Amino acid sequence: MSAFIFGFHAVSGRIRQNPQSVIEVYLDAGRRDPRAKQLALLLETHKIKVSYLDSARMDGMAGNGRNQGVVARVDASKKYIALDDVLDTLTEDALLLVLDGIQDPHNLGACMRVADAFGVHAVIAPKDRAVGLNATVAKVASGAAETVPYVTVTNLARTLRELKEAGITVIGTDEEGASDLYETELAGPIAWVLGAEGSGMRRLTRESCDRLVRIPMCGMVESLNLSVTSGILMFETCRQRRLSKEKG
């Protein structure tokens, strides 16, 4: 089974991380700029087949998405990643990002980028009622979809209970949370849980959290985009962990 991904970052990231999965790459015949030439050299290095097409055909292959003149056909039969496989390999405190029903592929792609930037060990989401990894997610993620394990589970509430049994603190984010983020000690293994756009966390997900934390807001805006929220949470967690290490 094959699928299309598009955009320079997404295609380059897939080639560097898993070149064997790239079946063929299509380049815009009209592009002769340094960026296109650099990608062509990368393809030659990995002996990946290249075809040059007109922009109209490429737009059709990418579903009229902004493909930047590069589309790749890749092997979509991606190996299933189990959460235990991720946790069993960790040599440091776990840092997980749980997305309860994310629907916007642009949000998921941006969250994957955040996860990559802050060393998140896995992004977890339910199999149903979530967008899943697709070409748009891969493009927005700019290669992070290839570096960060994306784990889908059939029962999110049960998975959160299993995380707690494994000694991981499960923290939900809610604008009415009892704790302020900047007053919350973020020590040890942590799984941050974010709800879906608009509707937030489902009831069972909320009840499965050890505690609920809010991000203090100074202006009139009541909530933030999911990827912005995840960035704030990961930054504060990593900041506290670094300070803890420096204090010894």
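For every chain, the first residue of the written sequence is number 1, and numbering continues from 1 along that sequence. Whole-chain, interface and lining totals are the exception, using all residues; otherwise, since this is a predicted model, local features are given only for residues with pLDDT of at least 70 and side-chain atom pairs are given and counted only at 80 or more. Calculation of side-chain values draws on the structure's entire complement of heavy atoms; hydrogens and water are dropped beforehand.

## Quick word on the overall build of the protein
We count a stretch as a helix when DSSP gives it H or I for four or more residues in a row; a strand needs E for two or more, and each element gets its number in order from the N terminus. Summing up its helical and strand segments, the protein has ten helices and eleven strands in all. Seen along its three principal axes, the alpha-carbon backbone of the protein occupies a region of about 55 × 40 × 35 Å. Out of the 248 residues in the protein, the part that is buried amounts to 46%. For the protein, the share of sequence-separated contacts (at least 6 apart) that also reach a separation of at least 24 residues comes to 81%. Note on areas: these come from Shrake-Rupley sampling with a 1.4 Å probe, and a residue is covered only by the protein chains present in the view. Counting only carbon and sulfur atoms, one obtains 48% of the accessible surface of the protein, whose full area is about 13100 Å². Relative accessibility thresholds used throughout: buried, under 20% of the residue-type maximum; exposed, over 50%; partly exposed, between the two (1.4 Å probe, protein chains only). In what follows, residue pairs with any heavy atoms lying within 4.5 Å of each other are defined as contacts.

## Focus: the confidence of the model for the protein
For every residue, the predictor reports its confidence as pLDDT, a number between 0 and 100. Scored by pLDDT, the protein has a mean of 88; 97% of the residues are at 70 or more. Strand S5 (residues 95-100) holds the highest mean pLDDT among the elements of the protein, 97, whereas helix H1 (residues 8-17) holds the lowest, 82.

## Points about the layout of surface pockets
Using protein atoms alone on a 1 Å grid, points that fit a 1.4 Å probe yet trap it form a cavity, whereas open point sets bounded by protein on both sides within 12 Å along at least five of seven lines form a pocket; residues with an atom within 4 Å of a point count as lining. Grid points are joined across faces, edges and corners, and a volume is the space filled by probe spheres set on the points. What the second largest pocket holds in volume is close to 570 Å³. In terms of lining residues, the second largest pocket is bounded by 24 residues, among which Thr173, Asp174, Glu175, Ser223 and Leu224 are the most central. Only strand S10 (190-195), strand S11 (211-214) and helix H10 (226-247) provide two or more residues apiece to the lining of the second largest pocket. Polar here means any residue outside two lists: the nonpolar Ala, Val, Leu, Ile, Met, Phe, Trp, Tyr, Cys and Pro, and the charged Asp, Glu, Lys and Arg; Gly therefore counts as polar. Taken together, the residues of the lining of the second largest pocket break down into nine nonpolar, nine polar and six charged.

## A word on the nonpolar core
Membership of the largest hydrophobic core comes to 29 residues, with the highest contact counts inside it found for Leu97, Leu99, Met112, Val123, Trp192 and Met234. When contributions to this core are tallied by element, the ones reaching two or more residues are S5, helix H5 (105-117), strand S6 (122-126), helix H6 (135-141), helix H7 (144-147), S10 and H10. With five residues, the single largest contributor to this core is H5. Beyond its immediate chain neighbours, meaning those up to four positions away, Met234 contacts Leu95, Leu97, Val114, Phe118, Val120 and Trp192. For the purposes of this section, nonpolar cores are sets of buried Ala, Val, Leu, Ile, Met, Phe, Trp, Tyr and Cys residues that join through side-chain atoms within 4.5 Å. Listed in part, the 19 residues of the second largest apolar core include Leu87, Ile124, Ile168 and Met201.

## A look at a negative patch on the surface
A cluster of acidic residues, Asp84, Asp85, Asp88, Glu162 and Glu165, forms a negative patch at the surface. Mapped onto the elements of the fold, Asp88 is located in the loop between helix H4 (83-87) and S5. Patch building starts from residues that exceed 30% relative accessible area and form no salt bridge, then joins like charges within 9 Å and nonpolar side chains (Val, Leu, Ile, Met, Phe, Trp, Tyr) within 5 Å. Salt bridges are defined by distance alone: a side-chain nitrogen of Lys or Arg within 4 Å of a carboxyl oxygen of Asp or Glu. Positive residues here are Lys and Arg, negative ones are Asp and Glu, while His and the chain termini are left out of the count. Just so you know, the charge point we use is NZ for Lys, CZ for Arg, CG for Asp and CD for Glu.

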